[in-house]
Amino acid sequence: MQKSWWKEAVAYQIYPRSFYDGNGDGIGDLCGIVEKLDYLQTLGVNLLWITPFYASPGVDNGYDISDYQAIDPAYGTLQDVEELIAQAHQRGIRVMFDLVLNHTSDQHPWFIESRKSQESPLRDYYIWRDGKNGREPNNWRAHFAKSAWTYDGQTEQYYLHTFSPQQPDLNWQNQEMRTALYNIIRWWIEKGVDGFRLDAISFISKAADFPDHAGDAPYIFRRAPMMHGAEYHQFLHELNRELLSQNDIVTAGECIELTVESAIEVAAPERQEIDMPFLFEPTEYVINHGMDVPKLKEILTRWQVGLHSKAWIANQFNNHDLPRVVSLFGDDQAHREASAKLFGTLLLTLAGTPFIYQGEEIGMTNNPFPSLIDYRDLAAFSEYQKMTEEEGLNSTAALATLHAYSRDNARTPMQWDDSPSAGFTTGEPWIMVNPNYETINVAQAMGDSNSVFAFYQRLIALRKQHDALVYGDFELLLPEHPSVFAYRRSFEGERFVVVLNISAEMSDMGGVDFGGGDSADLILNNYLDIATTLRPYEARIYRETA
Ligand code: GLC
Ligand code: CA
């Protein structure tokens, strides 16, 4: 297997709006990130993914871009971006930016021009269609709206938007549009950025002729005809050939509904498309069906074994679109610290580049939003509307669902200390601070050698020291055990065994066979003393020696 810096990297995702406010206006910003680079260096991460900070009306917190080469003044200036890249590089930290290539804002000059007339020279940069029998061109749904089509009275056609009506989809079939995007990306590469996360990339190619989806399919499958169209791989290959392969640039793709086979298709090195897709299956499974340890073992084993030496993956249990991992996968009450450390152990000992999401390293939890008006995410409002108007839920039930799954759970301010607003801002925070900040915060965690933070530090250091944790193959142990996930990673004579008790109950060790080794040293454990049985959410890493 080809070694590369980005396979060995430990990545950290920053949602700038909620990370650190450098100027006291209540909104996190670029100079705030620069101020916290020493913190990130102390944690040990060496690759950042920073979500959008470009000029934007902010309908979807920056995923609606109105100028790819300008910076939203709420976040800072182009100079701040350059400073951020330089300061990160000085600390041995590489930087990935977010590329939103499927759509722009409706305030982008391209769209403003495109919607002027059917003859506009930029008309074809977007996807316009006539209506059908006085209705939308087809039955496609948008993520944040009922229909994926919005009628524009001025030119009497509909435009397509996979997300909100303020996020019109770009037409990738237009070569001139693609070239315009490549020029923008080239400009960013020249600024010294080391890689990109490709937002919503599955949607850049739609099914030919735009067929209706099967109306009775479960909601999630109704988007099938909107993605992975015939030209998907061709577009990604072109992007790679034009830009990425000529520079040492890493790409991580938000590839939806991925299978082992389709991951290999998009990320096998010889395909020259992207370097690694994100793995969402474990999280999606738990969101849809609840935690099920045998199923989690099956999913992760299938991916670990299936991709080995064929393609790379980006592992992530938490991001700005998902609930907090300790709340979703673990126990954010009695076993918060132990379960946060356990899922950290899992993340940092699998094959694939680990992406830690801000706050995960201190075990931040979901947030108890008191009512609908406390949410900020447009998806929270559209989901609430869907639940109450289409699915017949009452308000209490809809709010309970939002509480568990809303994207805003991950977007509350980073908890730096126990001062007002968790030390995130001296002003009024743009979204409420999680009330548990008085006990869960960075200052507390850094002062405690047994904290979740300290444990992440050790895990990151361990991964950086041992190729077996990066490149090693994966062998599932105890396949039948109902609550213990145990596996071996081996590479060039080095062997590690990871044992995770994913449960709030005690469990036996299930007779893990430290094969061939007559000694196995316990090198990391989230409990301080040693016991023969596994305690709730106990996580252990052994190193085997012959
Ligand atoms: C991706 C982003 C999400 C955004 C959407 C539209 O899924 O992660 O936050 O709303 O794309 O750009
Ligand atoms: Ca600010």
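Computed from a predicted model, the values in this text were never measured in an experiment.

A. Structural view of unusual backbone geometry. One non-glycine residue, Asp209, adopts positive backbone phi at about 65°. As for its placement among the helices and strands, Asp209 is situated in the loop between β9 (195–199) and α7 (232–244). With a relative accessible area of 76%, Asp209 lands in the exposed category. The phi torsion at Ala422 lies on the positive side, around 60°, for a residue other than glycine. Along the polypeptide, Ala422 turns up in the loop between α14 (395–405) and α15 (442–446).

B. Up close: helix α8 (residues 260–267). Val260, Ala263, Val266 and Ala267 are the residues of α8 that are buried. Along the axis of α8, the buried positions cluster into a sector of 130°, meaning they face one direction only. In this structure, the buried side of α8 is in contact with α7, β11 (276–279) and α10 (293–307).

C. How the structure looks around the pattern of salt bridges. In the structure shown here, the tally under the stated rule is 34 salt bridges. A salt bridge links Arg336 to Glu337, with the shortest nitrogen-to-oxygen separation between them at 3.6 Å. Residue Arg336 is classed as buried on the basis of its relative accessible area, which comes to 13%. For the salt bridge of Glu383 with Lys386, the shortest nitrogen-to-oxygen distance reads 3.8 Å. With Glu383 and Lys386 both in helix α13 (residues 378–390), this residue pair falls three residues apart, about one helical turn.

D. Region of the structure containing the sheet that holds strand β8 (residues 157–160). As summarised here, the arrangement of the three strands in space is β6-β8-β7, forming an open sheet in which the pairing is antiparallel. The open sheet terminates on both sides in strands that have one partner only, identified here as β6 (128–129) and β7 (149–152). One ladder, built from four bridges, connects β7 with β8; its direction is antiparallel. Following the sheet pairing, Thr150 is matched in β8 by Tyr159.

E. Molecular detail of the packing of aromatic side chains. One pass over the structure, following the stated rule, counts 36 aromatic pairs. Feature note: the residues Tyr12, Phe19, Tyr20, Tyr39, Trp416 and Phe453 constitute an aromatic cluster, connected by ring pairs. Its guanidinium or amino end placed over the ring of Tyr20, Lys36 lies 4.4 Å from that ring's centre, counting from NZ or CZ. The residue whose ring lies beneath Arg123 is Trp128, and the NZ or CZ to ring-centre distance is 3.7 Å.

F. Layout of the nonpolar core. Of all hydrophobic cores here, the largest spans 152 residues; its most connected members are Tyr12, Leu40, Phe53, Phe97, Trp110, Trp188 and Phe196. The biggest single contributor to this core is helix α6 (residues 175–190), with eight residues. Ranked by size, the runner-up nonpolar core spans 17 residues in total, among them Ile127, Tyr158, Phe210 and Leu378.

G. Just the domain arrangement of the chain, in detail. If you check the domain split of the chain, you get domain 1 (7–107 + 170–456) and domain 2 (469–545). Each of domain 1 and domain 2 has a C-alpha centre, and the two are 29 Å apart. With 28 residues of domain 1 at the interface, the matching set in domain 2 holds 31 residues. A buried area of about 2400 Å², summed over both sides, lies between domain 1 and domain 2, and 71% of it is on carbon and sulfur atoms. Among the residues domain 1 hides against domain 2, the three largest losses belong to Lys297, Leu342 and Thr349. Together they make up 26% of the total. Our enumeration of links across domain 1 and domain 2 arrives at zero salt bridges.

H. Highlighting the side chain of Ser56. Examined against the element boundaries, Ser56 turns out to sit in the loop between β3 (54–55) and β4 (67–71). When its relative accessible area of 17% is taken as the criterion, Ser56 is described as buried. Residues contacting Ser56, with those up to four places away along its chain left out, are Gly62, Asp64, Ile65, Ser66 and Asp72.

I. Representation of the site of ligand 1 within the structure. Taken together, Asp60, Tyr63, His103, Phe144, Phe163, Arg197, Asp199, Glu254, His320, Asp321, Arg407 and Arg411 make up the full set of residues adjacent to ligand 1. Contact between ligand 1 and Asp321: an oxygen atom at 2.5 Å from a side-chain N or O atom of the residue. A distance of 3.0 Å separates an oxygen atom of ligand 1 from a polar side-chain atom of Arg407. Across the complex, the protein chains shield 96% of the 310 Å² of accessible surface that ligand 1 would expose by itself. In terms of residue class, the shell around ligand 1 is built from three nonpolar, two polar and seven charged.

J. Summary view of helix α4 (residues 78–90). Taking 1.5 Å per residue, 13 residues should reach 18 Å; α4 reaches 18 Å between its end C-alpha atoms and fits that length. Those residues of α4 that fall on the buried side of the exposure criterion are Val81, Leu84, Ile85, Gln87 and Ala88. Where α4 is buried, its residues touch α2 (30–35), α3 (37–43), β2 (47–50), β4, β5 (94–100) and α6.

K. Spatial organisation of the environment of Glu298. Secondary-structure assignment places Glu298 in helix α10. Take Glu298: its relative accessible area is 32%, and that puts it in the partly exposed class. In this structure, the C-alpha to C-alpha distance between Glu298 and Ala214, residues 84 residues apart in sequence, is 30 Å. A distance of 2.8 Å separates the side chain of Glu298 from the side chain of Arg302, its partner in a polar contact.

L. Geometry of the packing of α8 against α10. Closest axis-to-axis distance for the α8/α10 pair is 10 Å, and the angle between their directions is 40°. Relative to α10, the element α8 is oriented oblique. Crossing of α8 over α10 shows right-handed handedness. Residue-level contacts link Val260, Ala263 and Ile264 of α8 to Arg302, Trp303, Gly306 and Leu307 of α10. Class assignment of the residues belonging to the contact of α8 with α10 gives a composition of five nonpolar, one polar and one charged.

The rules behind each value
Residues numbered from 1 in each chain as written. Chains lettered and ligands numbered in written order. Predicted model: local features only at pLDDT ≥ 70, side-chain atom pairs only at ≥ 80, totals over all residues. Heavy atoms only, no water. Helix = DSSP H or I, 4+ residues; strand = E, 2+ residues; numbered from the N terminus. Buried < 20%, exposed > 50% of the residue type's maximum accessible area, 1.4 Å probe, protein only. Arc of directions from axis to C-beta. Contact = heavy atoms within 4.5 Å. Salt bridge = Lys/Arg side-chain N within 4 Å of Asp/Glu carboxyl O. Pairing = 2+ DSSP bridges. Phe/Tyr/Trp six-rings, centres within 6.5 Å; stacked < 30°, edge-to-face > 60°. Lys NZ or Arg CZ within 6 Å of the ring centre and 35° of its normal. Core = buried A, V, L, I, M, F, W, Y, C linked by side-chain atoms within 4.5 Å. Domains from an automatic or database assignment. Buried area = accessible area lost by both parts, 1.4 Å probe. Near = heavy atom within 4 Å. Polar contact = N/O pair within 3.5 Å; in protein donor to acceptor, adjacent residues only side chain to side chain. Areas by Shrake-Rupley, 256 points an atom, 1.4 Å probe, with all protein chains shown as cover. Nonpolar A, V, L, I, M, F, W, Y, C, P; charged D, E, K, R; others polar. Expected span 1.5 Å × (residues − 1). Axes fitted to C-alpha atoms, helices over the stretch in contact; angles between N-to-C directions. Parallel < 35°, antiparallel > 145°, perpendicular 65-115°, else oblique. Left-handed = near helix turned anticlockwise from the far one by under 90°.

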